[in-house]
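Fold and geometry: a report
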Amino acid sequence: MSFGADTIRIEPLGAGHNRLAFHCGNESLDRYIREQAGQDTRRDTARVFVAVMPDQPRHILGFFTLSAATVIAAELPPAMEKRLPRHPIPAALIGRLAVDQSALGQGLGGILLADAVKKTKVAAATVAMAVIVVDPIDENARAFYSAFGFASLDGPQRRMFLAVPA
Ligand SMILES: CC(C)(COP(=O)(O)OP(=O)(O)OC[C@H]1O[C@@H](n2cnc3c(N)ncnc32)[C@H](O)[C@@H]1OP(=O)(O)O)[C@@H](O)C(=O)NCCC(=O)NCCS
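Right, let's walk through the structure included here. The model shown is predicted, which means the values in this text are computed figures rather than measured ones.

**A look at the packing of aromatic side chains**
According to the stated counting rule, one finds six aromatic pairs in the structure shown. A ring pair is formed by Y32 and F63, whose centres lie 6.2 Å apart and whose planes are at 15°; its orientation type is stacked. Here F63 lies in strand β3 (residues 62-71) and Y32 lies in helix α1 (residues 27-42), a separation of 31 residues in the sequence. We classify Y32 as buried; its relative accessible area is 3%.

**A closer look at the layout of surface pockets**
Gaps left between atoms are located by rolling a probe of water-molecule size over the structure's atoms. By volume, the largest pocket amounts to about 520 Å³. In this structure, the largest pocket is lined by 26 residues; those nearest its centre are L29, L97, A98, I137 and A141. Of all elements in the fold, only β4 (89-99), α3 (108-124) and α4 (139-147) reach the threshold of two or more residues within the lining of the largest pocket. Among the elements that make up the lining of the largest pocket, the one with the highest residue count is β4 (six residues). In terms of residue class, the lining of the largest pocket is built from 15 nonpolar, eight polar and three charged. Quantified by volume, the second largest pocket comes out at close to 280 Å³. Lining the second largest pocket are 15 residues, and of these L66, S67, A68, A123 and M129 lie nearest its centre. Of all the elements in the fold, those that place two or more residues in the lining of the second largest pocket are β2 (47-52), β3, β4 and α3. Across the lining of the second largest pocket, the residue classes break down as 11 nonpolar, two polar and two charged.

**Considerations on the pairing of strand β5 (residues 131-134)**
Of the two faces of β5, the one carrying V131 and V133 and the one carrying I132 and V134 are both buried. In the sheet, β5 pairs with strand β7 (residues 160-163) via four bridges, with the strands oriented antiparallel. Residue pairing for β7: V131 is matched across the bridge by A163.

**Quick word on the nonpolar core**
With 29 residues, the main nonpolar core has F3, F64, I94, L108, Y145 and F150 as its most contacted residues. Elements with a contribution of two residues or more to this core: β2, β3, β4, α3, β5, α4 and β7. By residue number, the principal contributor to this core is α3, which donates seven residues. Of all hydrophobic cores here, the second largest spans 14 residues; its members include A46, V50, F63 and A98.

**Digging into the site of the ligand**
Near the ligand lie 20 residues; those nearest to it are L97, G105, G107, G109 and G110. Backbone polar atom of V99 to an oxygen atom of the ligand: 2.8 Å apart, as the coordinates give it. With respect to the ligand, the side chain of N140 contributes an N or O atom lying 2.9 Å from a nitrogen atom. Here the ligand, which alone exposes 910 Å², has 67% of that area covered by the protein. The pocket occupied by the ligand, as judged from atoms lying within 2 Å of grid points, is the largest pocket. Listing elements by their share of the shell around the ligand, those giving two or more residues are β4, α3 and α4. Counting residues per element, the shell around the ligand draws most heavily on α4, which supplies six residues. In terms of residue class, the shell around the ligand is made up of 14 nonpolar, six polar and no charged.

**Re α4**
Of the residues making up α4, those classed as buried are A141, R142 and Y145. Projection of α4 onto a plane perpendicular to its axis shows the buried side chains occupying an angular sector of 105°, all on one side. More than 90 degrees from the buried face of α4, the exposed residues found are E139, N140 and A147. Structurally, α4 contributes buried residues whose contacts are with β4, α3, β5, β6 (151-152) and β7. Here α4 starts with a cap whose side-chain oxygen sits 3.2 Å from the backbone nitrogen of N140, and that cap is D138.

About the cut-offs
Residues numbered from 1 in each chain as written. Predicted model: local features only at pLDDT ≥ 70, side-chain atom pairs only at ≥ 80, totals over all residues. Heavy atoms only, no water. Phe/Tyr/Trp six-rings, centres within 6.5 Å; stacked < 30°, edge-to-face > 60°. Helix = DSSP H or I, 4+ residues; strand = E, 2+ residues; numbered from the N terminus. Buried < 20%, exposed > 50% of the residue type's maximum accessible area, 1.4 Å probe, protein only. 1 Å grid on protein atoms, 1.4 Å probe; cavity = no way out; pocket = protein on both sides within 12 Å on 5 of 7 lines; lining within 4 Å. Points joined across faces, edges and corners; volume = space filled by probe spheres on them. Nonpolar A, V, L, I, M, F, W, Y, C, P; charged D, E, K, R; others polar. Pairing = 2+ DSSP bridges. Core = buried A, V, L, I, M, F, W, Y, C linked by side-chain atoms within 4.5 Å. Near = heavy atom within 4 Å. Polar contact = N/O pair within 3.5 Å; in protein donor to acceptor, adjacent residues only side chain to side chain. Areas by Shrake-Rupley, 256 points an atom, 1.4 Å probe, with all protein chains shown as cover. Sits in = over half its atoms within 2 Å of the grid points. Arc of directions from axis to C-beta. Contact = heavy atoms within 4.5 Å.

Okay, here's the thing in structure tokens:
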């Protein structure tokens, strides 16, 4: 089976979602959705979005978070750096993104990432943001983001970035 953007629903994390049943194979991401995601939402430090099927609306198939961030222009490739000011560049941070093991390898990760990019583009029309950044959790995650056009930032954090599409 593979997911389509029209078969799943992506919505803000709410009280009706079963956070305890989510398992992506990475304990820190499982713990995040279980224990911290609600708090981040209430404190306005991250927006958390979950993917569900309409016929199983409590079952979280995947999630991602979005927060405001900044990057240093010098960490961007020279061609981009040249046309940007020296002060911190406004960015959106995909802090976490994960897919439940029951849904792996069926296109959901790509759908979540595309939705995060689309939401950032919409938000950037009101509050300017030049890039989207991620902190890949391991080499597998780096390969996943690379497949969607993210490139490495030149900094100590090993962040990756994508220009917000025009
Ligand atoms: C990384 C993750 C989100 C991918 O989710 P997924 O739903 O399995 O990914 P998709 O099925 O949408 O894959 C889409 C494309 O991404 C690429 N991709 C996915 N995983 C990849 C990997 N490990 N290495 C290289 N490319 C990968 C492939 O190009 C794939 O296209 P294909 O169908 O032609 O093979 C998922 O494996 C996961 O949740 N892992 C644990 C948590 C994690 O690492 N999160 C990201 C870091 S914060």
